[in-house]
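One letter stands for each residue in the lines below.
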Amino acid sequence: MSDQQHIVSAYDRDLEGVMVAIMKMGGLVEDSILKSAQALETRDLELAAEVRAADKRIDELEEKINDEAARLIALRAPMGRDLRTVLSVIKISGALERIGDYTKNMAKRTAVLAEVQAVNGAPASVRRMAREVEAMLREALDAYVRQDAALAQAVILRDEDVDQMYNSLFRNFLTYMMEDPRNITSCMHLQFIAKNVERMGDHVTSICEQVIYQVTGEMPDDERPKVAGDPYDPASVTED
Amino acid sequence: MDDLRYMEMPVDQDTKISASNVQIYYGDNQAIKDVNVEIADKTVTAFIGPSGCGKSTFLRCLNRMNDTIDICRVEGTIKIDGDDIYDNAVDPVQLRAKVGMVFQKPNPFPKSIYDNVAYGPKVHGLAKSKADLDVIVEKALRRGAIWDEVKDRLHAPGTGLSGGQQQRLCIARAVATEPEVLLMDEPCSALDPIATAQVEELIDELRQSYSLVIVTHSMQQAARVSQRTAFFHLGNLVEFGDTSQIFTNPQDSRTESYITGRIG
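An unreviewed UniProt entry lists chain B under the name Phosphate import ATP-binding protein PstB, with Nereida ignava given as the organism. Per its UniProt entry, chain B bears the Function (unreviewed entry) comment "Part of the ABC transporter complex PstSACB involved in phosphate import. Responsible for energy coupling to the transport system." As stated in UniProt under Subcellular location (unreviewed entry), the record for chain B gives "Cell inner membrane".

Chain A carries the name Phosphate-specific transport system accessory protein PhoU in an unreviewed UniProt entry, which gives Nereida ignava as its organism. Of the comments in the UniProt record for chain A, the one headed Sequence similarities (unreviewed entry) reads "Belongs to the PhoU family." Word for word, the UniProt comment on chain A under Subunit (unreviewed entry) is "Homodimer."

Colleague: Outline the sheet that holds strand β1 (residues 15–26) of chain B, listing residues and values.
Modeller: Residue and element names in this part refer to chain B. With antiparallel pairing, the 4 strands of this open sheet are ordered in space as β2-β1-β4-β5. The sheet terminates laterally at β2 (29–40) and β5 (83–84), the two strands that pair on one side only. When strand β4 (residues 72–80) meets β5, the two strands line up antiparallel, connected through 2 bridges. Among the inter-strand pairings, Ile80 is bridged to a residue of β5, identified as Asp83.

Colleague: So, the packing of aromatic side chains: which residues are in play, and what are the values?
Modeller: Under the definition given, this model contains 6 aromatic pairs over all chains. Both rings, one in A:Tyr166 and one in A:Phe170, keep their centres 6.3 Å apart while their planes meet at 50 degrees; by these two values the pair is tilted. With A:Tyr166 and A:Phe170 both in helix α5 (residues 149–179) and 4 residues apart, this pair spans about one turn of that helix. The exposure class of A:Tyr166 is buried, given its relative accessible area of 2%. An aromatic cluster is present here, built from B:Phe47, B:Phe58 and B:Phe232 joined pairwise through their rings. Positioned above the aromatic ring of A:Tyr102, the side-chain terminus of A:Arg98 is 5.1 Å from the ring centre. Just above the ring of B:Phe109 sits the side chain of B:Arg173; from NZ or CZ to the centre is 4.2 Å.

Colleague: Please give an account of the sheet that holds strand β6 (residues 99–102) of chain B that cites residues and values.
Modeller: What holds strands together in a sheet is hydrogen bonding between their backbones, with the strands either parallel or antiparallel. Residues and elements named next belong to chain B. Taking strand neighbours across the sheet as the criterion, the 6 strands line up as β6-β7-β8-β3-β9-β10 in an open arrangement whose pairing is mixed. Unpaired on one side and paired on the other, β6 and β10 (236–242) mark the two borders of the sheet. The average angle at which neighbouring strand axes cross in this sheet is 20 degrees, direction not considered. The pairing of strand β3 (residues 44–48) with strand β8 (residues 211–215) spans 4 bridges and is classified as parallel.

Colleague: So what's going on with the packing of helix α3 (residues 80–113) of chain A against helix α6 (residues 184–216) of chain A? Residues and values would help.
Modeller: All names here are of chain A. Relative orientation of the contacting elements α3 and α6 amounts to 170 degrees, with a least axis distance of 9 Å. For the element pair α3 / α6, the angle class is roughly antiparallel. Class assignment of the residues belonging to the contact of α3 with α6 gives a composition of 18 nonpolar, 12 polar and 6 charged.

Colleague: I'd like to hear about the nonpolar core, residue by residue, with values.
Modeller: Core analysis: the largest hydrophobic core is formed by 57 residues, its most contacted members being A:Ile33, A:Leu96, A:Leu137, A:Phe173, A:Val197, A:Met200 and A:Val204. Listed by contribution, the elements that provide at least two residues to this core are α1 (9–42), α2 (45–76), α3, α4 (122–146), α5 and α6 of chain A. Those residues in contact with A:Met200 that lie beyond four places of it in its chain are A:Ile33, A:Ile99, A:Tyr102, A:Thr103, A:Met106 and A:Val133. Judged by nonpolar contacts, the second largest core, of 45 residues, contains B:Ala172, B:Val199, B:Tyr210 and B:Ile259.

What counts, and where the lines are drawn
Residues numbered from 1 in each chain as written. Chains lettered and ligands numbered in written order. Predicted model: local features only at pLDDT ≥ 70, side-chain atom pairs only at ≥ 80, totals over all residues. Heavy atoms only, no water. UniProt positions renumbered as here; feature names shortened; annotations may be inferred. Pairing = 2+ DSSP bridges. Helix = DSSP H or I, 4+ residues; strand = E, 2+ residues; numbered from the N terminus. Phe/Tyr/Trp six-rings, centres within 6.5 Å; stacked < 30°, edge-to-face > 60°. Buried < 20%, exposed > 50% of the residue type's maximum accessible area, 1.4 Å probe, protein only. Lys NZ or Arg CZ within 6 Å of the ring centre and 35° of its normal. Axes fitted to C-alpha atoms, helices over the stretch in contact; angles between N-to-C directions. Parallel < 35°, antiparallel > 145°, perpendicular 65-115°, else oblique. Nonpolar A, V, L, I, M, F, W, Y, C, P; charged D, E, K, R; others polar. Core = buried A, V, L, I, M, F, W, Y, C linked by side-chain atoms within 4.5 Å. Contact = heavy atoms within 4.5 Å.

Right under this line is the structure:
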């Protein structure tokens, strides 16, 4: 935020209020990422149920934030950085809500996976990946609160690690399924989960982009370098 | 304009008014400090800034209205279409026909609606006959977007109209002399929101024919009607740029503070 206060102090309180709500929502989402990954690894259905319940609170917060943003636009006609603050809370809350949905999805699949044969080590790898995403989100929210564009940029670069973890998991799942077709059900679920965790990283990246936009007024345009061995990039698929 | 508004008339690239190193003094007091600005043709340029920042002073020197103030002194050059308007050969009265002005408070002459509009063209000899004058008056009133409201009572007094109608009458009066530039000093501050909207719509239409410069205290209005915005602060021209850039991503921290309501 600008160090200068508005002449109308209620305006400052409104903007702070909506940013506080973002931080609260971010805290809930961080918590859900960790819990859903832990539930997956330890096959803890109670914890998975907790994640599913938390998603409701996350959705409610998103709605509140969007209502407040609409109210701010209508009543205060924000301009300059204030306008960017309001626009970015809408996008950031949207990104957080999507991440929340992915954790809920992971919690649902945990219930299915508990019924089928375990795939050695894979849930632990997914959990490592989720921890990395959670750490990224924590830093992204730090960057948001401190309005630190440099930190946001650093987090964006970190997303590459998550993509690499995902690519290697993808290969592992292929191998497991070829080794033993009985692994297919769990591997397919785990593959969807891994993909979702990778998507969470992308949403964290978009939060960081919003921080940069809010601070500088420009969206960062530099594409991250393409990860070698991306399974979706036909050029990088190696012949076995 | 690099955005989605493909229906918008583009900003003219030709410079209409060019001011360089302009200093304006009231006695010992310097009201405008070294202002350089190029105002485009067929464009609405808004001057914004807190009270006393010099925006009205600067606007008034564009048609030498400041000449009427004895202690006011203007330095630097102001050119319209490349001609220095402070040159000794320039007749300020002719200049003001070319650079029309509309003021904050509607100020129709205490005459009929017709005479209000006909006065300028008569003085400047723009009409050869009564029929000629009728055509000029109708055209000006149409341009002022007030023709339909007054065509049946052209000989009623102009002061009998509502505030918004009076202001549009004043705009019609200003355009009757076929000016090239129209200066507006807070043209809507005495009007209600509907009349304001009508005047704003009119400003947008007038952009097809003129270069308009508008001083306004309402940043919303500047954002709505202008394509270019200049921010004045303490006599300095702090920032000048595309309106959308000024209001979404100002480059100077003083502009940012002013438009977001942090300094007055």
